[in-house]
Amino acid sequence: MKIVPTDIAGCFLIIPDIRRDERGSFVKVFHEDIFREHGLATDYAEEYYSASHRNVVRGLHFQTPPHDHAKLVYCVQGSVMDAALDLRRGSPTYGHNLMLELSAANGHMLYLPRGLAHGFCTPKEPAMMVYKVTATYAPDHDAGLAWDKAGIDWPVKEPIMSARDRQFGALADFDTPFVFDGGQP
Ligand SMILES: Cc1cn([C@H]2C[C@H](O)[C@@H](COP(=O)(O)OP(=O)(O)O[C@H]3O[C@@H](C)C(=O)[C@@H](O)[C@H]3O)O2)c(=O)[nH]c1=O
């Protein structure tokens, strides 16, 4: 697998080797030694997946300290446009976002360190997304920001969303609890 830095410190695009044969394909999504070599977290506490219809937005989500976590995300069916937003006070890219396509076809994965918000949309087709996170779900620390008030150029306009995601506030009004630590996992 290739671990490619993004414009946001500590956030990496991971491009796995896709081994194809007459039966289909084989993809390795986690390798402890390679992750450790690149300074990525290896201590995942939970793993889950979601299935989304076309024209859905989920996010922007994060857990606040002390339950903040690093997150590895990838798409195993369909495709998404995936977004990460830097919320770390003192980060050279605070408030910046990136968006990239994660799909079952390209196998690309995104690694988000603690202090980034995450979301995605499904402009083209339904999708299944898989997550590994380094801290367990803490409902009282499960937080978010408004998908459309964070400067992200989404390729959907009137998406299907949860009621919870619709009531989150704007990035401009957010008093962040995250502090930039140089991009450690
Ligand atoms: C995230 C989460 C949710 N839940 C529950 C709460 C709720 O009843 C149901 C669906 O939760 P949500 O609406 O938050 O699901 P969803 O909007 O898909 O949440 C996910 O969004 C993307 C963008 C992420 O980055 C993920 O980490 C996660 O926050 O599942 C858990 O039990 N454990 C969990 O870890």
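Residues numbered from 1 in each chain as written. Predicted model: local features only at pLDDT ≥ 70, side-chain atom pairs only at ≥ 80, totals over all residues. Heavy atoms only, no water.

(A) Summary view of the site of the ligand. Lining the immediate surroundings of the ligand are Glu46, Tyr48, Arg58, His61, Lys71, His118, Gly119, Tyr131, Tyr137 and Arg164. In this structure, an oxygen atom belonging to the ligand sits 2.6 Å away from a side-chain N or O atom of Tyr48. Between the ligand and the protein, one listed contact pairs an oxygen atom with a side-chain N or O atom of His61 at 2.8 Å. When the free accessible area of the ligand is taken as 660 Å², the share hidden by the protein chains comes to 65%. At the level of elements, β5 (46-52), β6 (57-63) and β10 (116-121) are the ones that each hand at least two residues to the shell around the ligand. Of the residues assigned to the shell around the ligand, the class counts are three nonpolar, three polar and four charged. (Near = heavy atom within 4 Å. Polar contact = N/O pair within 3.5 Å; in protein donor to acceptor, adjacent residues only side chain to side chain. Areas by Shrake-Rupley, 256 points an atom, 1.4 Å probe, with all protein chains shown as cover. Helix = DSSP H or I, 4+ residues; strand = E, 2+ residues; numbered from the N terminus. Nonpolar A, V, L, I, M, F, W, Y, C, P; charged D, E, K, R; others polar.)

(B) Structural context of the UniProt feature "active site" (unreviewed entry) in the protein chain. Per the UniProt record, "active site" (unreviewed entry) is annotated on His61 and Tyr131. For this annotated set, covering 71 residues, all C-alpha atoms fall within 12.7 Å of each other, a compact arrangement in space. Among the annotated residues just listed, those lining the largest pocket are His61 and Tyr131. Along the chain, His61 falls in strand β6. (UniProt positions renumbered as here; feature names shortened; annotations may be inferred. 1 Å grid on protein atoms, 1.4 Å probe; cavity = no way out; pocket = protein on both sides within 12 Å on 5 of 7 lines; lining within 4 Å.)

(C) Spotlight on empty space enclosed by the protein. Taken as a whole and judged by the stated rule, the model has one cavity of 30 Å³ or more. Taken as a whole, the largest cavity encloses approximately 50 Å³ of empty space. Along the walls of the largest cavity sit Phe62, Gln63, His69, Lys71, Leu112, Pro113, Gly115, Leu116, His118 and Phe178, which together make up its complete lining. Going through the elements one at a time, β6 and β10 are the ones with two or more residues in the lining of the largest cavity. Taken together, the residues of the lining of the largest cavity break down into five nonpolar, four polar and one charged. (Points joined across faces, edges and corners; volume = space filled by probe spheres on them.)

(D) Molecular detail of the layout of surface pockets. Here the largest pocket is characterised by a volume of approximately 420 Å³. Taken together, 27 residues line the largest pocket, and the ones lying closest to its centre are Tyr48, Arg58, His61, Tyr131 and Arg164. At the level of elements, β5, β6, β10, β11 (127-133) and α2 (163-166) are the ones that each hand at least two residues to the lining of the largest pocket. With six residues, β6 is the largest single contributor of residues to the lining of the largest pocket. Residue composition of the lining of the largest pocket, by class: eleven nonpolar, ten polar and six charged. Its volume calculated, the second largest pocket comes out at about 170 Å³. Together, 13 residues line the second largest pocket, and Val27, Cys75, Val76, Ala104 and Gly107 are the ones closest to its centre. Class assignment of the residues belonging to the lining of the second largest pocket gives a composition of nine nonpolar, three polar and one charged.

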